[in-house]
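Next come the chains, spelled out residue by residue.
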Amino acid sequence: QVQLVESGGGLVQAGASLRLSCAASGRTFSSYVMGWFRQAPGKEREFVAAISWSGGNTYYADSVKGRFTISRDNAKNTVYLQMNSLKPEDTAVYYCAATKNWYGSSWYARSFASWGQGTQVTVSS
């Protein structure tokens, strides 16, 4: 498995931007599909975005499509989540996760074997 460490969370006002980073350990980062999930208090963990092994394919939840962009740099073993036009409903702990497979349009937390510790994103109105 790969070890993951997120960073870049914080407190921002509505309409602002943040970029989350997730650094992975090991030499096999490019063999993983990477994803971002989030979990708000009292809610289930929900899928946000996924990116394929080389970055050629991406998939987004409808709630973030057009505002968030997932990208990766395999030379740096890092995946990013650029979040623009943030809304209060984006407030959550954001987690990056790794899986070996591409799941098309069906992304579930149970499909990911490795997880980071999470980073808090708070958007004030």
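The rules we used
Residue positions are given per chain, counting from 1 as you read along its sequence in written order. Two thresholds apply to this predicted model, a pLDDT of at least 70 for residue-level local features and 80 or more for giving and counting side-chain atom pairs, whereas whole-chain, interface and lining totals are computed over all residues. Here the side-chain values reflect all heavy atoms present in the structure, with hydrogen atoms and water set aside. Residues belong to one nonpolar core when they are buried, are Ala, Val, Leu, Ile, Met, Phe, Trp, Tyr or Cys, and are joined through side-chain atoms within 4.5 Å. Think of it in three bands: with a 1.4 Å probe and only protein chains considered, a residue is buried below 20% of the maximum accessible area for its type, exposed above 50%, and partly exposed in between. The way it works is that DSSP assigns letters per residue, a run of H or I at least four long becomes a helix, a run of E at least two long becomes a strand, and they are numbered from the N terminus. The contact rule is simple, with two residues in contact once any of their heavy atoms fall within 4.5 Å. Pairs were defined over the aromatic rings of Phe, Tyr and Trp, the Trp ring being its six-membered one, requiring ring centres within 6.5 Å. Orientation was assigned from the angle between planes: stacked under 30 degrees, edge-to-face over 60, tilted for the rest. Charge-over-ring contacts are defined here by two conditions on Lys NZ or Arg CZ: a distance within 6 Å of the ring centre and an angle within 35 degrees of the ring normal. In what follows, salt bridge is the name for a side-chain nitrogen of Lys or Arg lying within 4 Å of a carboxyl oxygen of Asp or Glu.

Draft legend 1. How the structure looks around the nonpolar core. Residues Trp-36, Leu-81, Met-83 and Tyr-94 are the most contacted members of the largest nonpolar core, which totals 36 residues. Secondary-structure elements contributing two or more residues to this core are strand 3 (18–24), strand 4 (33–39), strand 5 (46–51), strand 7 (68–73), strand 8 (78–83), strand 9 (92–99) and strand 11 (119–124). Excluding its chain neighbours within four sequence positions, the residues that come into contact with Leu-81 are Leu-18, Arg-19, Leu-20, Trp-36, Val-48, Ala-49, Phe-68, Thr-69, Ile-70 and Tyr-94.

Draft legend 2. Looking closely at the packing of aromatic side chains. For the coordinates displayed, the defined rule picks out ten aromatic pairs. An angle of 75 degrees between the planes, with centres 5.6 Å apart, marks the rings of Phe-37 and Phe-47 as edge-to-face. Of this pair, Phe-37 sits in strand 4 while Phe-47 sits in strand 5, placing them ten residues apart in sequence. Seen from their ring centres, Phe-47 and Tyr-59 are 6.1 Å apart, and the 35 degrees between their planes marks the pair as tilted. Of this pair, Phe-47 sits in strand 5 while Tyr-59 sits in strand 6 (residues 58–60), and the two are twelve residues apart along the sequence. Overall, Phe-47 belongs to the buried group, its relative accessible area being 12%. One aromatic cluster in this structure is built from Phe-37, Phe-47, Tyr-59, Tyr-95, Trp-102, Tyr-103, Trp-107, Phe-112 and Trp-115. Directly above the ring of Tyr-95 sits Arg-45, whose terminal nitrogen or CZ lies 3.8 Å from the centroid. For the cation-ring pair, Arg-110 lies above Tyr-108, with the distance from its terminal atom to the ring centre recorded as 4.4 Å.

Draft legend 3. Region of interest: the pattern of salt bridges. Within this structure, the stated rule accounts for four salt bridges. Notably, a salt bridge pairs Arg-38 with Asp-90, separated by 2.9 Å at the nearest N-O pair. One end of the pair, Arg-38, is in strand 4; the other, Asp-90, is in the loop between strand 8 and strand 9, and 52 residues separate them in sequence. Across the pair, exposure class does not vary: Arg-38 and Asp-90 are buried alike. Here Asp-62 ties to Lys-65 by a salt bridge, and the two come within 3.1 Å at their closest N and O atoms. Lys-65 sits in the partly exposed class, given a relative accessible area of 48%.

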